[in-house]
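Results of the structural survey
This is what each chain is made of:
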Amino acid sequence: MTQATSTLAPACGIRSMTGQGRAAGKTDIGTVTVELRTVNNRGFKCSVRTPDPLSGSEALIESVVREHLHRGSINLSINLEHQQGQTPVQINDTVLAGYIRQCKAAMEQSGVDTDANVSLDVAALLNLPGVQTGARPKGDDAEKVFQQARLVVIAALENLIEMREQEGAHMAETLLGDCETIRGHVRAIETLAPQAAESYRVRLEGKVQRVLAEYDAEVNPVDLLREVQVYADKADVSEEITRLDSHLKLFQAVLRGESPDGDKESGRDEPVGRKLDFIIQEMFRETNTIGSKSAHAEVSAIVVEIKCAIERMRELVQNLE
């Protein structure tokens, strides 16, 4: 047997859920070719199609796939090219002979001259139940064939994972760029947010002065300042900015395989797609709160830009394992 050896490591890093993989190898039953295709899925879904000699091994093959893929809809197809001289099925001589005897007996009972030029349709007889049996290995041979096919499956998985990691690396680069874009917007909001209270004070003072002039009345400046302070407290987004900064830092750390304090995480083998999706939900929640609290026009415009960036990130993250 020509073994399709592999050094496939446990799943780690950033991977796309979309990809293809292929591998071929010789086994005792012929040349086995494995093809894999994966697309997005919230969970793990694996569909396995095998040739007759590997029928019954679908669950074992799926368990091999589960060792290396965590999320996605996976279609795995195994094709078999038999060795020269081998046939995909075997004819049960005893069963076929029994059918022929029964056919001849029926002909004699019906008064048909069996010595006349009357022939039996062999092709039709071969399709009768029990005449053909799949060339399925049994016992130790079946286990040996599965182990040989398993190596080819792992080689195809390795090919698939390489493609998924390459695409995942490009997606991670785009996501990190969006994080920096959002961070720049947050810094702009930090600068503009304090101006909201002053802008409100000017507008409120102007309205109050117009009303007072109309009714020839006065207002205590302290009352006016108290009202401005109440608004300033309600419009304060410093906590939301701090939390949004924290979410951005965590998001980037997960993408880079680091802990939040910047240290590299070793031996990480869990998928990160769901975790990143949860972080994005929190980022959107804080951004939404900033937008609802602030009445500053420029801040509102920046919030829209942040939401657009988060939505781009969400679409990419949903394709990560």
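To keep things clear, this report deals only with the structure shown in the data block.

The rules behind these values
Residues numbered from 1 in each chain as written. Predicted model: local features only at pLDDT ≥ 70, side-chain atom pairs only at ≥ 80, totals over all residues. Heavy atoms only, no water. Axes fitted to C-alpha atoms, helices over the stretch in contact; angles between N-to-C directions. Helix = DSSP H or I, 4+ residues; strand = E, 2+ residues; numbered from the N terminus. Parallel < 35°, antiparallel > 145°, perpendicular 65-115°, else oblique. Left-handed = near helix turned anticlockwise from the far one by under 90°. Contact = heavy atoms within 4.5 Å. Expected span 1.5 Å × (residues − 1). Buried < 20%, exposed > 50% of the residue type's maximum accessible area, 1.4 Å probe, protein only. Polar contact = N/O pair within 3.5 Å; in protein donor to acceptor, adjacent residues only side chain to side chain. Core = buried A, V, L, I, M, F, W, Y, C linked by side-chain atoms within 4.5 Å. Arc of directions from axis to C-beta. Pairing = 2+ DSSP bridges. Phe/Tyr/Trp six-rings, centres within 6.5 Å; stacked < 30°, edge-to-face > 60°. Lys NZ or Arg CZ within 6 Å of the ring centre and 35° of its normal. Salt bridge = Lys/Arg side-chain N within 4 Å of Asp/Glu carboxyl O.

1. Describing the packing of helix H6 (residues 238-256) against helix H7 (residues 273-293)
Packing of H6 against H7 leaves a shortest axis separation of 9 Å and a crossing angle of 160°. The angle between the axes of H6 and H7 places the two elements in the roughly antiparallel class. Relative to H7, H6 is oriented so that their crossing is left-handed. In this structure, H6 uses Glu 240, Ile 241, Arg 243, Leu 244, His 247, Leu 248, Leu 250, Phe 251, Val 254 and Leu 255 to contact H7, whose residues at the interface are Lys 275, Leu 276, Ile 279, Ile 280, Glu 282, Met 283, Glu 286, Thr 287, Thr 289, Ile 290 and Lys 293.

2. Re helix H2 (residues 93-109)
Residues spaced three or four apart along an α-helix face the same direction, because each turn holds 3.6 residues. With 17 residues, H2 should cover 24 Å at 1.5 Å per step; its first-to-last C-alpha distance of 24 Å lies within 8% of that length. Restricting attention to buried positions, one finds in H2 the residues Leu 96, Gly 98 and Met 107. Phi for Gly 111, located one or two positions after H2, is positive at around 85°.

3. Section: the environment of Thr 31
Here Thr 31 is to be found in strand E2 (residues 30-39). When the C-alpha atoms of Thr 31 and His 82 are compared, they prove to be 6.5 Å apart, with 51 residues separating the residues in sequence. Excluding residues that lie within four positions of it along the chain, Thr 31 makes contacts with Gly 25, Lys 26, Asn 79, Leu 80 and Glu 81.

4. Some details on the packing of H7 against helix H8 (residues 297-317)
It is at 10 Å that the axes of H7 and H8 come closest, and there the two elements cross at 165°. Taken together, the axes of H7 and H8 lie roughly antiparallel to each other. When the axes of H7 and H8 are compared, the crossing they make is left-handed. Counting all contacts with H7, which are made through Gly 273, Leu 276, Asp 277, Ile 280, Gln 281, Met 283, Phe 284, Thr 287, Asn 288, Ile 290 and Gly 291, the residues of H8 involved are Val 299, Val 303, Ile 306, Lys 307, Ile 310, Met 313, Arg 314 and Val 317.

5. What about the side chain of Arg 15?
Its location among the elements puts Arg 15 in the segment before strand E1 (19-27). Polar side-chain contacts of Arg 15 include one of 3.1 Å to the backbone oxygen of His 68.

6. Examining the nonpolar core
Ile 182, Ile 189, Phe 251, Leu 276 and Met 283 are the most contacted members of the largest nonpolar core, which has 32 residues in total. In terms of residue count, helix H4 (residues 139-215) provides more of this core than any other element does, nine residues in total. In contact with Ile 189, other than residues within four places in its own chain, are Val 237, Ile 241, Ile 290, Val 299, Ile 302, Val 303 and Ile 306. Listed in part, the 28 residues of the second largest apolar core include Val 34, Val 48, Leu 54 and Ile 74.

7. Structural notes on helix H1 (residues 58-66)
Within H1, the full set of buried residues consists of Ile 61, Val 64 and Val 65. Seen along its axis, H1 keeps its buried residues to an arc of 100°; they face one direction.

8. Quick notes on the pairing of E2
Both E1 and E2 contribute to a ladder of nine bridges, which runs antiparallel. Across the sheet, Gly 19 pairs through a bridge with Thr 38, a residue of E2. Counting the residues in the hairpin turn of E1 and E2 gives two residues. Bridge count for E2 against strand E4 (residues 72-81) is nine bridges, and the pairing is antiparallel. Residue Leu 36 lies in a different strand from E4, and its bridge partner there is Leu 76.

9. Focus: the packing of aromatic side chains
Inspection of every chain in the model, using the stated rule, returns zero aromatic pairs. The ring of Phe 284 carries the charged tip of Arg 314 above its face, separated from the ring centre by 5.6 Å.

10. A look at the pattern of salt bridges
Under the defined criterion, the tally for this structure stands at 17 salt bridges. One salt bridge in this structure joins Glu 35 and Arg 37, with 3.8 Å as the shortest N-O distance. Taking the relative accessible area as the measure of exposure, Glu 35 reaches 24% and is therefore partly exposed. When the shortest N-O distance is used, the salt bridge between Glu 321 and Arg 164 registers 3.5 Å. Taken together, the residues span a long stretch of sequence, with Glu 321 in the segment after H8 and Arg 164 in helix H4 at a distance of 157 residues. Residue classification places Glu 321 among the buried residues on the basis of a relative accessible area of 4%. Three or more residues are tied together by salt bridges with common partners; here these are Glu 239, Glu 240, Arg 243, Glu 286 and Lys 293.

11. Focus: the sheet that holds E1
Here we have four strands laid out as an open sheet, ordered E1-E2-E4-E3, and mixed in their pairing. The open sheet has two free edges, formed respectively by E1 and strand E3 (44-49), since each of these has just one partner strand. The mean inter-strand angle of the sheet, taken between neighbouring strand axes irrespective of direction, is 15°. As paired strands, E3 and E4 are joined by six bridges and run parallel to one another. Residue Val 48 lies in a different strand from E4, and its bridge partner there is Leu 76. Across the sheet, H1 lies against E3 and E4, angled at about 135° from E3, the strand it touches most.

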